[in-house]
Amino acid sequence: MQDDWSLNPNVRKLLQRVPLPISLPTPLRRGQGRTAVTELVGTRAVLTHVRDALDLALAQAVQHAGAAVTIVDAAGDTTLTGRVVDAGGQLAPATADLPGGVLSAIAASGATGDRRPVTLIHRVTRPHGSDVAVNDATDALLAVGHAAASLPPNSRLLLVLGMELRGDATGALITAATQGFARSAFKELGKTGSACHVIRVEDAQAAAALATFLAGPRAAFLNGLDLLAQKSLAGDAAPTPELDGKVVLVTGAARGIGAAIAERLALEGAHVWINDIAQSQAAAADTVAQIRARGGQAEFIAADVGTLSGAQAIADAIRQGAGHVDGVIHNAGITRDRTLRKMSVAQWRQVLQVNFGAMHLVQTALAPILQPGASMVLMSSVMGISGNFGQTNYSASKSAVIELARQWACEGFARGLRANAIAPGFILTDMTAQMPVINREMAKQLTAMLQPGLPLDVADLACFLVGAQSRGVTGQVLRCDGGMAFGA
Ligand code: NAP
């Protein structure tokens, strides 16, 4: 799929000379090839707080991933900061105020004019014994916000909320203020290809793996996520997806986002089972051939996921060919857009059945061969969150998918099974490429990053969610939308 025209350097130069009321997007720094342990090489990380095991886990995770780490925290625990410094990190020159401290840390972490992206990790804290704890915490948000506003392009602001903020009114107020801050901050930061996310922490290792992913190039098009990092019964979260030899089904994968996901999974070493309807056999054969040409493993199963017999055919083929399944990407989806006045029963039912009912059919058929610790990814849409004119059937189906992910996560938690929904926004596929230029421009201007995503962006997220890196993430919805200006 061609990249967006407005990111072409020659087109950019031309458009910059024309006084049009449109903003040009910042090219995103995306990952290439297989996920490396050192995904953050060439980036910097600045931490505002290193005082406990969670802070240390965050600092060490980004450091192991290759980021040059600087700690701003003058009152930090010297034993902990010492471990980061011993591994090559540095302490910023002590300054009295937080924004000054963060800015000097950023300056100290590189030469003048250093444009390497920065991940600014701010642990939102509650000063002990303070009557004005909420004010202290919110003042600190403004301080890191000031610093974040002057970060180089493609930077990240990660706001980390620890367990100590749970269980009382003050902690709940600080949490809510942080979430509200983030929901506005990401819209400002997106213009330079930067992002802001909130991580609520129940488990330090899960938070560290999540922070490393969000700081890295595989999360380039994600913006404004608010996620919970939990302890998983399937084991600790890992620094990479660890998909070698894993058997993963991707439905509706002959083309578009599904094909991109299948290709990414195969690159990570997974044995990919590609499903699509029989009419898409030629496109599916191309996808399988491309994967095999690169040394990957892929098979095609022609079946309609919206039927009981189709779902059973998929499960039978995988049982005979692989014996079990480690992950499922429920991706097949259709649109039959009509206003309510014109919507037929057939159009309504077809969309609900393929986009939502099919997930239940396929999952039930696969249940006997589902491995303990398996991960399910359910493709929703931002339209399932915000709704859209003429898409009542589509929005109903995609909203139900989000709830289905939550229910599967609850049901499967004790067996280490996970389920999450992805809600893509405007993604450049064959389908959206056919939109009139004016509609595409409007859709782009509605994203904080001022651009559409690529199928690769959704594929990178699916890869993260099906693999070991996201073991602490379940029952959640992750928007892949460059930070839509409306909705969640
Ligand atoms: P796409 O290019 O149309 O691909 C969807 C694939 O699913 C097609 O190959 C389609 O086959 C197949 N499919 C349809 N019905 C099926 C069935 N009953 N059984 C098996 N396969 C079936 O769409 P996409 O843009 O890649 O979207 C993939 C997913 O992301 C969908 O769930 C979509 O709702 C969601 N999404 C996409 C965007 C976006 O901007 N593109 C945004 C939000 C959400 P045919 O082409 O032959 O029908």
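Treat the numbers as computed from the prediction; the structure is a model and nothing was measured. Here the residue numbers are simple positions, counted from 1 along each chain's written sequence. Side-chain atom pairs in this predicted model are given and counted only at pLDDT of 80 or more, local residue features only at pLDDT of at least 70, and totals for whole chains, interfaces and linings cover all residues. The side-chain numbers reported here are obtained from all heavy atoms of the structure, hydrogens and water having been left aside.

## Notes on the sheet that holds strand 14 (residues 477-480)
- Reading across the sheet, the seven strands line up as 10-9-8-11-12-13-14 and stay open at both edges, with parallel pairing between neighbours. Taken across any chain shown, the strands that pair with only one partner, and hence form the sheet edges, are strand 10 (297-302) and strand 14. Strand-to-strand twist across the sheet, computed as the mean angle between neighbouring axes with direction ignored, equals 20°.
- Each pair of strands is called paired provided DSSP finds at least two bridges between the two strands. A run of H or I in DSSP counts as a helix once it spans at least four residues, and a run of E counts as a strand once it spans at least two, with each numbered from the N terminus. Sheet topology places strand 13 (residues 418-424) next to strand 14; four bridges connect them, and they run parallel. Residue pairing in the sheet places A421 in a bridge with V477 of strand 14.
- Strand contacts of helix 13 (residues 392-412): strand 11 (325-330), strand 12 (370-379), strand 13 and strand 14, with the helix running at about 160° to strand 12, the strand carrying the most contacts. As a rule, the C-alpha atoms of each element are fitted with a line to give its axis, helices using only the stretch in contact, and angles between N-to-C directions run from 0 to 180 degrees. Should any heavy atoms of two residues lie within 4.5 Å, those residues are considered in contact.

## Here's the deal with helix 8 (residues 256-267)
- By this rule the span expected of a helix is its residue count minus one, scaled by 1.5 Å. Its twelve residues give helix 8 an end-to-end C-alpha distance of 17 Å, which sits within 8% of 16 Å, the value for a rise of 1.5 Å per residue.
- Exposure is judged per residue with a 1.4 Å probe applied to protein chains only, and the accessible area is read against the type maximum: over 50% gives exposed, under 20% gives buried, and values in between give partly exposed. Among the twelve residues in helix 8, nine count as buried, and that is most of the element.
- Residues of helix 8 that are buried include every one of I257, G258, A259, A260, I261, A262, R264, L265 and A266, and no others.
- Residues of helix 8 that are buried in the fold lie against strand 8 (247-250), strand 9 (271-276), helix 9 (281-293), strand 11, strand 12 and helix 16 (455-466).
- Looking one or two residues beyond helix 8, the residue adopting positive phi is G269, at roughly 100°.

## Regarding the environment of V201
- Residue position: V201 is located in strand 6 (residues 195-201).
- With 29 residues separating them along the chain, V201 and Q230 place their C-alpha atoms 6.7 Å apart.

## Quick look at the site of the ligand
- In the region of the ligand, 27 residues are neighbours, and D276, S280, D304, N331 and Y394 sit closest.
- Within the backbone of V305, an N or O atom sits 3.1 Å from a nitrogen atom of the ligand.
- Contact distances for the ligand include 2.7 Å between an oxygen atom and a backbone N or O atom of N331.
- Looking at the shell around the ligand, the elements that each hand over two or more residues are helix 8, strand 9, helix 13 and helix 14 (430-433).
- Residues are sorted three ways: Asp, Glu, Lys and Arg are charged, Ala, Val, Leu, Ile, Met, Phe, Trp, Tyr, Cys and Pro are nonpolar, and all the rest, Gly among them, are polar. Considering only residue class, the shell around the ligand consists of twelve nonpolar, eleven polar and four charged. When at least one non-hydrogen atom of a residue lies within 4 Å of a molecule or strand, that residue is treated as near it. Whenever a nitrogen or oxygen atom comes within 3.5 Å of another N or O atom, the pair is scored as a polar contact, on the condition that within protein one atom can donate a hydrogen and the other can accept it, and that pairs from neighbouring residues in sequence are kept only if both atoms are in side chains.

## Notes on the pattern of salt bridges
- A pairing counts as a salt bridge when a side-chain nitrogen of Lys or Arg comes within 4 Å of a carboxyl oxygen of Asp or Glu. Taken as a whole and assessed by the stated rule, the structure comprises 22 salt bridges.
- Among the ionic pairs, R126 bridges to D168, the shortest N-O distance being 2.8 Å. Taken together, the residues R126 in the loop between strand 4 (118-124) and helix 5 (133-148) and D168 in the loop between strand 5 (156-161) and helix 6 (169-189) connect sequence positions 42 residues apart.
- Among the salt bridges present, the one from D236 reaches K231, with a minimum N-O distance of 3.0 Å.
- Here D236 falls in the partly exposed class, since its relative accessible area comes to 42%.
- Each of the salt bridges in this network shares a partner with another, and the network as a whole consists of E39, R218, R264, E268 and D460.

## Some points on the pairing of strand 4
- Counted residue by residue, strand 4 has seven buried out of seven residues, so it is predominantly covered.
- Going residue by residue along strand 4, you find V118, L120, H122 and V124 tucked away on one face and T119, I121 and R123 tucked away on the opposite face as well.
- Examined bridge by bridge, strand 1 (residues 44-47) and strand 4 share four bridges and lie parallel to one another. Paired with L47 across the bridge in strand 4 is I121.
- Both strand 4 and strand 5 contribute to a ladder of six bridges, which runs parallel. Looking at the pairing, T119 lines up with R156 of strand 5.

## Concerning the sheet that holds strand 1
- Here we have seven strands laid out as an open sheet, ordered 3-2-1-4-5-6-7, and parallel in their pairing. The open sheet terminates on both sides in strands that have one partner only, identified here as strand 3 (90-91) and strand 7 (226-229).

## Focus: the domain arrangement of the chain
- What counts as a domain boundary in this text is fixed by an automatic or database domain assignment. When its domains are assigned, the chain resolves into domain 1 (42-229) and domain 2 (247-480).
- Once you take the C-alpha centre of each, domain 1 and domain 2 turn out to be 32 Å apart.
- For the pair domain 1 and domain 2, the two sides together bury roughly 1,700 Å², of which 66% comes from carbon and sulfur.
- What gets called buried area is simply the loss in accessible area from a 1.4 Å probe that two parts show on being joined, summed for both. The largest per-residue losses of area from domain 1 upon contact with domain 2 belong to F213, R218 and F221, which jointly make up 39% of the total buried on that side.
- Our count for the domain 1 to domain 2 interface comes out at one salt bridge.
- There are three residue pairs in polar contact (both at pLDDT 80 or more) connecting domain 1 and domain 2.
- Taken together, the elements giving at least two residues each to the side of domain 1 that touches domain 2 come down to helix 6, helix 7 (204-215) and strand 7.
- In the side of domain 1 that touches domain 2, the residues fall into 13 nonpolar, five polar and four charged.

## Let's talk about the nonpolar core
- With 69 residues, the main nonpolar core has L214, I261, L265, I329, I422 and L461 as its most contacted residues.
- Residue contributions to this core peak at eight residues, all from helix 16.
- Residues from two domains meet in this core; each of domain 1 (42-229) and domain 2 (247-480) gives at least three.
- Non-local contacts of I422, meaning those with residues more than four positions away in its chain, are made with V377, L378, M379, S380, S381, V458, L461, A462, L465, L478 and C480. Remark: nonpolar core denotes a set of buried residues (Ala, Val, Leu, Ile, Met, Phe, Trp, Tyr, Cys) joined through side-chain atoms within 4.5 Å.

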